[in-house]
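Architecture and fold: a report
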Amino acid sequence: MSHASSLNPDYVDEAGRPIYHPVEEPHHPEGHSTMLGFWMYLMSDCLIFAMLFAVYGVIGANYAAGPAPKDLFDLPLVALNTSMLLFSSITYGFAMLAMVKNRTAQMQAWLAITGVFGLCFLGIELYEFAHMIHLGATPQRSGFLSAFFVLVGTHGLHVTFGTIWLVTLMVQVWRKGLIPANKRRLMCLSLFWHFLDVIWIGVFTFVYLFGMLR
Amino acid sequence: MSAEAHNDHAVDHHDHHGDDHDHGSFKTYMIGFLLSVVLTAIPFWLVMTGALPAAATGLIITAFAVVQIIVHMIFFLHMNHKSEGGWNMLALIFTIVVVVIAVAGSVWVMYHLNVNMMPTHDMQTMG
């Protein structure tokens, strides 16, 4: 037994001799590869955003005699929006710390606060979009505006689905508690939520701040 | 024997699995948050006040964005070279390579295409 346990037990026979070709695949606990798989999804999502950034980089200065970033962007509003997303990142972090300690009520409270920050972000972004469209700066007005609405809109859509996912998981935890499956799901959403904040760094730097420099 | 060994393995694996995921601590989240606030506030301040020339501001805010992305990766996404047996880092490096080639290549090619397709005054002398 001591000899057997020093080796990987899935690969030794009963006499402790190694088996090079096991008849059955070794057993893996449920969800052991979920986090890696979810990371792969995030990397592919990263490629979608890279393409949208490239499009914005190519046609972001084609104003077609229409409004330019300086006429449309309101930096204090973008700064407020950025702070909403940053606050939601730290509150999601606090929710994860509460989850590790199995403090369900505390975790649900932090998740709710995260959701409120997410909704504030979406509200401010929709207000900005509505204001731009009201001024005639619609997606079909120029190459710059098409690229802007697709890039920022895709990010906003991710935050929307992240918020829906957040509410779904709060209901799941409320009904089933902090079971391993729910913890795993919360860890996936944690990666997703922080990933969206990383994308937003690119958006506020290369779209809004660089737009005001032109 | 076989079942017992199997069970040992499952427990071993589970412990290892738990150690694999770094959840961070209150301290690391606060360090990441404070660094992010500083790294966000300075670029906004530079652009809003116009304290520096546009070219210098552009370089500085690009550098701040790169640093802030790394800060988020370490303190919020808990990236390190060991997570998931190094596969997370390998996938990330591969993605960065593809992203840099795709974005820099697109912008470079389309810029030159744009410049070379521009109608110029030389057209009159080309006959």
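Analysis parameters
- Residues numbered from 1 in each chain as written.
- Chains lettered and ligands numbered in written order.
- Predicted model: local features only at pLDDT ≥ 70, side-chain atom pairs only at ≥ 80, totals over all residues.
- Heavy atoms only, no water.
- Helix = DSSP H or I, 4+ residues; strand = E, 2+ residues; numbered from the N terminus.
- Buried < 20%, exposed > 50% of the residue type's maximum accessible area, 1.4 Å probe, protein only.
- Contact = heavy atoms within 4.5 Å.
- Areas by Shrake-Rupley, 256 points an atom, 1.4 Å probe, with all protein chains shown as cover.
- Buried area = accessible area lost by both parts, 1.4 Å probe.
- Salt bridge = Lys/Arg side-chain N within 4 Å of Asp/Glu carboxyl O.
- Expected span 1.5 Å × (residues − 1).
- Phe/Tyr/Trp six-rings, centres within 6.5 Å; stacked < 30°, edge-to-face > 60°.
- pLDDT = per-residue confidence, 0-100.
- Patch = residues over 30% accessible without salt bridge, like charges linked within 9 Å, V, L, I, M, F, W, Y side chains within 5 Å.
- Core = buried A, V, L, I, M, F, W, Y, C linked by side-chain atoms within 4.5 Å.

The next subject is the overall build of chain B. In terms of helices and strands, chain B carries four helices and zero strands. Listing the helices and strands of chain B from first to last along the sequence gives α-α-α-α. In chain B, which comprises 127 residues, the proportion classed as buried is 28%. Put simply, of all contacts in chain B between residues at least 6 apart along the chain, 58% involve residues at least 24 apart. Working note: accessible area of chain B is about 8300 Å², and carbon and sulfur atoms make up 73% of it.

Time to look at the interface of chain A and chain B. Residue-level contacts link 52 residues of chain A with 50 residues of chain B. Taking both sides of the interface into account, the surface hidden between chain A and chain B amounts to around 4500 Å²; carbon and sulfur atoms contribute 83%. On the chain A side of the contact with chain B, Trp39(A), Leu86(A) and Leu213(A) bury the most area, a combined 13% of that side's loss. Connecting chain A to chain B are zero salt bridges.

The subject of this paragraph is the environment of Val207(A). Residue and element names in this part refer to chain A. By secondary structure assignment, the location of Val207 is in helix α7 (residues 180-213). When the C-alpha atoms of Val207 and Phe149 are compared, they prove to be 11 Å apart, with 58 residues separating the residues in sequence. Val207 has contacts with Tyr56, Phe73, Phe148, Leu151 and Gly202, leaving out every residue within four places of it along the chain.

Before going further, it helps to examine helix α5 (residues 104-134) of chain A. In this model, α5(A) (31 residues) spans 44 Å end to end at C-alpha, consistent with the 45 Å of a helix rising 1.5 Å per residue. A positive backbone phi angle near 95° is found at Gly136(A), which sits one or two residues after α5(A).

The subject of this paragraph is the packing of aromatic side chains. All names here are of chain A. With the rule as written, the count across this model stands at 23 aromatic pairs over all chains. Geometrically, the ring pair formed by Phe148 and Tyr208 is edge-to-face, given 5.9 Å between the ring centres and 85° between the ring planes. You can see Phe148 sitting in helix α6 (residues 143-176) and its partner Tyr208 sitting in helix α7, a full 60 residues away along the chain. Classification of Phe148 by relative accessible area gives buried; the value is 0%. Judged by its relative accessible area of 0%, Tyr208 falls in the buried class. A ring pair is formed by Trp200 and Tyr208, whose centres lie 6.1 Å apart and whose planes are at 50°; its orientation type is tilted. Chaining the aromatic ring pairs together yields one cluster made of Tyr56, Tyr63, Phe73, Phe121, Phe129, Phe144, Phe148, Phe149, Trp200 and Tyr208.

Moving on, we get to the confidence of the model for chain A. Within chain A, residue pLDDT values average 92, and 95% of them lie at 70 or more. Residue range residues 1-7 of chain A is modelled with pLDDT below 50. Its contacts to residues more than four positions away, or to other chains, number eight contacts.

Turning our attention to the environment of Ile90(A). By the element assignment, Ile90(A) lies in helix α4 (residues 75-100). Excluding its chain neighbours within four sequence positions, the residues that come into contact with Ile90(A) are Tyr29(B), Met30(B) and Phe33(B).

As a further point, take a nonpolar patch on the surface. All names here are of chain B. Together, Trp108, Val109, Met110, Leu113 and Met117 make up a nonpolar patch on the protein surface, roughly 560 Å² of accessible area in all. Along the chain, the position of Leu113 falls in helix α4 (residues 87-117). Residue class for Leu113 comes out partly exposed when judged on its relative accessible area of 44%.

Right, let's talk about the side chain of Ser142(A) for a bit. Residue and element names in this part refer to chain A. Within the element layout of this structure, Ser142 appears in the loop between α5 and α6. For Ser142, a relative accessible area of 6% puts it in the buried group. Ignoring sequence-local partners within four residues, the contact set of Ser142 consists of Asn62, Tyr63 and Ala64.

Moving on to the confidence of the model for chain B. Residues and elements named next belong to chain B. A residue-level look at chain B finds 77% of positions with pLDDT of 70 or above and a mean pLDDT of 82. Confidence over residues 1-19 falls short of pLDDT 50; this stretch has 17 contacts with residues more than four positions distant or in other chains. Both scores are given for the predicted complex: the pTM is 0.84, the ipTM 0.85.

A word on the nonpolar core. Counting residues in each nonpolar core, the largest one holds 78 residues, and the members touching the most others are Trp39(A), Met107(A), Phe148(A), Leu186(A), Trp200(A) and Tyr208(A). Those elements giving two or more residues to this core turn out to be α2 (34-59), α4, α5, α6 and α7 of chain A together with α2 (26-49), α3 (54-75) and α4 of chain B. Per-element accounting of this core gives the leading share, 18 residues, to α7(A). With residues near it in sequence (within four places) discarded, Tyr208(A) still touches Phe73(A), Leu75(A), Val78(A), Glu128(A), Phe148(A), Val152(A), Trp200(A) and Val203(A).

Positioned with a positive phi, Ala64(A) is a non-glycine residue whose angle comes to about 50°. Of note, Ala64(A) is situated in the loop between α2 and α3 (69-72). Located in the positive-phi region is Glu84(B), a residue other than glycine, with phi close to 55°. Its place among the elements puts Glu84(B) in the loop between α3 and α4. Residue class for Glu84(B) comes out buried when judged on its relative accessible area of 12%.

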